[in-house]
Amino acid sequence: MDEGKRCPWCKEEIGLWAVIKAAWPTMIKCPACGSKLTYEIRLGRFLLTQVLPAGLVMAFLSYAFSYLILKKTAVNPLWFALLFFVILWSLFEFIIAVYWRKNKKLKILI
Ligand SMILES: [Zn+2]
C-alpha cells in the first residue's frame, strides 16, 4: 500500500523528509510537483490525543532529566531541557511520519 508514500497527483514518492519538514500535517508539499498534500487524519483528535499528551510528557521528561543531571552545577537546567525537548520532539515527528506513510492516505489539499 503506497497511498501514504506517493503523491496522488504525480504518483511520485514524496519521501520521509517531506512529511517531517512540514510544520503542520496539512502543509506537506510534494517535492516533485509542488502539490499541497495532507494526510487523511482528524486533525483536532490528533492534536488532542497525541500531540498534546506527548508534548507534556516530553516537556516533563526533558526538565526532570536535565534537572537531575545539572542539579549540582551552576548551569541553568532550562537550556539543557530545551535542547533535550527538541531532540525528543524530532524523534516523535520521525515516528509519526513513518507511521503515517505506512498507514494513512495522502490527498491533495484544495
Ligand atoms: Zn506530486
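Note that the structure is a prediction, hence the values are computed from the model and not measured.

What follows concerns the overall build of the chain. When helices and strands are counted, the chain shows three helices and three strands. Across the chain, helices and strands are ordered from the amino to the carboxyl terminus as α-β-β-α-α-β. Here the chain has a C-alpha radius of gyration of 17 Å; the compact-globule value for 110 residues is 13 Å, and the former is much larger. Taken over the C-alpha atoms alone, the chain extends approximately 55 × 25 × 25 Å along its principal axes. Of all 110 residues assigned to the chain, the portion counted as buried reaches 15%. Summarising the internal contacts of the chain: among those between residues at least 6 apart in sequence, 55% fall at separations of at least 24.

Further remarks concern the environment of Val86. Summarising the element assignment, Val86 is placed in helix α3 (residues 77-103). Taking the number of C-beta atoms within 10 Å as the measure of exposure, Val86 has 12 and is therefore exposed. Separated by 56 residues in the primary sequence, Val86 and Cys30 have C-alpha atoms spaced 25 Å apart.

Per-residue pLDDT for the chain has a mean of 93; in total, 99% of the residues score no lower than 70. Here helix α2 (residues 43-70) stands out as the least confident element of the chain, with mean pLDDT 93; strand β1 (residues 28-29) is the most confident, with 96.

This part takes up the packing of α2 against α3. At a closest axis distance of 8 Å, the pairing of α2 and α3 adopts a crossing angle of 140 degrees. By the angle between their directions, the pair α2 and α3 is classed as oblique. Here the hand of the crossing between α2 and α3 comes out right-handed. Judged by residue contacts, Ala54, Met58, Ala59, Leu61, Ser62, Tyr63, Phe65, Ser66, Tyr67 and Leu70 of α2 engage Pro77, Phe80, Ala81, Phe84, Phe85, Leu88, Trp89 and Phe92 from α3. Broken down by class, the residue content of the contact of α2 with α3 amounts to 16 nonpolar, two polar and no charged.

Analysis parameters
Residues numbered from 1 in each chain as written. Predicted model: local features only at pLDDT ≥ 70, side-chain atom pairs only at ≥ 80, totals over all residues. Helix = DSSP H or I, 4+ residues; strand = E, 2+ residues; numbered from the N terminus. Rg over C-alpha atoms; globule rule 2.2 N^0.38 Å. Buried ≥ 20, exposed ≤ 12 C-beta atoms within 10 Å, placed from the backbone. Contact = placed C-beta atoms within 7 Å. pLDDT = per-residue confidence, 0-100. Axes fitted to C-alpha atoms, helices over the stretch in contact; angles between N-to-C directions. Parallel < 35°, antiparallel > 145°, perpendicular 65-115°, else oblique. Left-handed = near helix turned anticlockwise from the far one by under 90°. Nonpolar A, V, L, I, M, F, W, Y, C, P; charged D, E, K, R; others polar.

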